[in-house]
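Close look at the chain arrangement
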Amino acid sequence: MGKLTGKTAIITGATSGIGRATALLFADEGASLVLTGRRVDLGKAVEAECRQRGVRALFVEADQTQAGDCARVVESALEAFGQIDILFNNAGIVTKGTAESTSEEDWTQTLALNVTAVWRMCRLVIPEMRRAGGGVIVNNASDWAVVGGKGALPYATSKGAVALMTKSMALDHAHEKIRVNAVCPGDTFVERWLEKGYFEGSDPVTLEEAMRESAAYIPMQRFGQPDEIARAALFLASDDSSFVTGHLLLVDGGNTAQ
Ligand SMILES: NC(=O)c1ccc[n+]([C@@H]2O[C@H](COP(=O)([O-])OP(=O)(O)OC[C@H]3O[C@@H](n4cnc5c(N)ncnc54)[C@H](OP(=O)(O)O)[C@@H]3O)[C@@H](O)[C@H]2O)c1
């Protein structure tokens, strides 16, 4: 028996990074999985990896900023598995900029995905969880949900909103046995950092040096790994955290302790 045997979990943004790592871990723990994202090839590959671990898995191509796509994800989950026990609102984008330099487009896109889509997915699954007598929502926030972030105004604003959405929903639905918590990762190394030239423009010549310098401000002197965030999400999604709701679980190598 895995910690999630008999449960169905929706994981948004499961095509890469933390979402993919969480999908694989939840599969190891026996969950039936509905996985979303826009990159179909990657989504299908994660779906296959989960099935190889012996669980049922379904990738649903979806742009979470679109209300119709969110509804289709929930409908597909119910059609395939008949229940939704866990929602991991993981899909998110990082946008940089100050109040002055942030474009209208970046602002709107960031809030549409990082905030509105989270609310929308919760709004869709809560009636199903209530009908089933309970459920668990885990939101992926950030350490920048609890402290300000320099040069990333739309992102930090969006994650701050997720933190209070988490606490407010926890209060609204605690009596219905629906727990709502957030995992708050610090800098976690994902492939996107390489694809989008995350370290471009930094002085050191090698990626390794650039990463070492960037990690130096973290008390544990390193970045997190997706699997370390996935394990925190598993704690919040499973009965191991049965008396935990409205909590922001920082997984940041001590970053926000300083
Ligand atoms: N890595 C970190 O340092 C860090 C730190 C704190 C918080 N986080 C949070 O962790 C979450 C996952 O990010 P990650 O670091 O794992 O990066 P990632 O590998 O880029 O993952 C982002 C996921 O979101 C999906 N996504 C993006 N836009 C989408 C859209 N419009 N509709 C549906 N899915 C969409 C992507 O899939 P498609 O591109 O296929 O759509 C991808 O699966 C985010 O909420 C992020 O804010 C990350």
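Residues numbered from 1 in each chain as written. Predicted model: local features only at pLDDT ≥ 70, side-chain atom pairs only at ≥ 80, totals over all residues.

Around the ligand there are 29 residues in total, and G13, G17, G37, R38 and G92 lie nearest to it. Counting residues per element, the shell around the ligand draws most heavily on helix α1 (residues 17-28), which supplies 3 residues. Looking at the shell around the ligand residue by residue, the classes come out as 10 nonpolar, 14 polar and 5 charged. (Near = placed C-beta within 6 Å. Helix = DSSP H or I, 4+ residues; strand = E, 2+ residues; numbered from the N terminus. Nonpolar A, V, L, I, M, F, W, Y, C, P; charged D, E, K, R; others polar.)

Strand order across the open sheet formed by 7 strands is β3-β2-β1-β4-β5-β6-β7, with parallel pairing between neighbours. Looking along the sheet, the strands with just one partner apiece sit at the ends: β3 (57-61) and β7 (248-251). Going from strand to strand, the sheet's axes swing by 15 degrees on average, the running direction of each strand aside. As paired elements, strand β4 (residues 86-89) and strand β5 (residues 135-140) share 4 bridges and run parallel to each other. (Pairing = 2+ DSSP bridges. Axes fitted to C-alpha atoms, helices over the stretch in contact; angles between N-to-C directions.)

In terms of burial, β5 is a largely internal element, 6 of the 6 residues being buried. Burial of β5 is two-sided: the residues G135, I137 and N139 facing one way and the residues V136, V138 and N140 facing the other way are all buried. Read as a crossover between parallel neighbours, the route from β4 over helix α4 (residues 104-132) to β5 is right-handed. Note that β5 and strand β6 (residues 178-185) share 6 bridges and pair parallel. Bridged to G135 within β6 is I178. Tracing the backbone out of β5, into helix α5 (residues 153-173) and back to the parallel element β6 gives a crossover that is right-handed. (Buried ≥ 20, exposed ≤ 12 C-beta atoms within 10 Å, placed from the backbone. Right-handed = clockwise from strand over helix to strand, strands pointing away.)

To continue, consider the environment of G224. For G224, the location among the structural elements is in the loop between α7 (207-215) and α8 (226-237). On the basis of neighbour counts, which here come to 23 C-beta atoms within 10 Å, the residue G224 falls in the buried class. Taking the C-alpha atoms as reference, G224 lies 6.0 Å from F189; in sequence the two are 35 residues apart. If sequence neighbours within four positions are ignored, G224 has contacts with P185, G186, D187, T188, I229, V251 and G253. (Contact = placed C-beta atoms within 7 Å.)

Our next topic: the nonpolar core. In summary, soluble globular proteins display a tendency toward joint burial of nonpolar side chains. Counting residues in hydrophobic clusters, the biggest one holds 68 residues, and the most contacted among them are A9, L33, A233 and A237. It is α4 that contributes the most residues to this core, 8 residues altogether. In this structure L33 touches A9, I11, A23, F26, A27, C50, V55 and A57, once residues within four positions along its chain are discounted. (Core = buried A, V, L, I, M, F, W, Y, C linked by C-beta atoms within 7 Å.)

Before going further, it helps to examine the packing of α1 against helix α2 (residues 40-52). Between two packed helices, what matters for the description is the angle formed by their axes and the separation of those axes. Across the interface, α1 lies against α2 with an axial gap of 9 Å and an inter-helix angle of 20 degrees. In this view, α1 runs roughly parallel relative to α2, as classed from their interaxial angle. Read as a crossing pair, α1 and α2 show a hand that is right-handed. Residue-level inspection shows R20, A23, L24 and A27 of α1 in contact with α2, the latter providing V46, E49 and C50. Partitioned by chemical class, the residues of the contact of α1 with α2 number 5 nonpolar, no polar and 2 charged. (Parallel < 35°, antiparallel > 145°, perpendicular 65-115°, else oblique. Left-handed = near helix turned anticlockwise from the far one by under 90°.)

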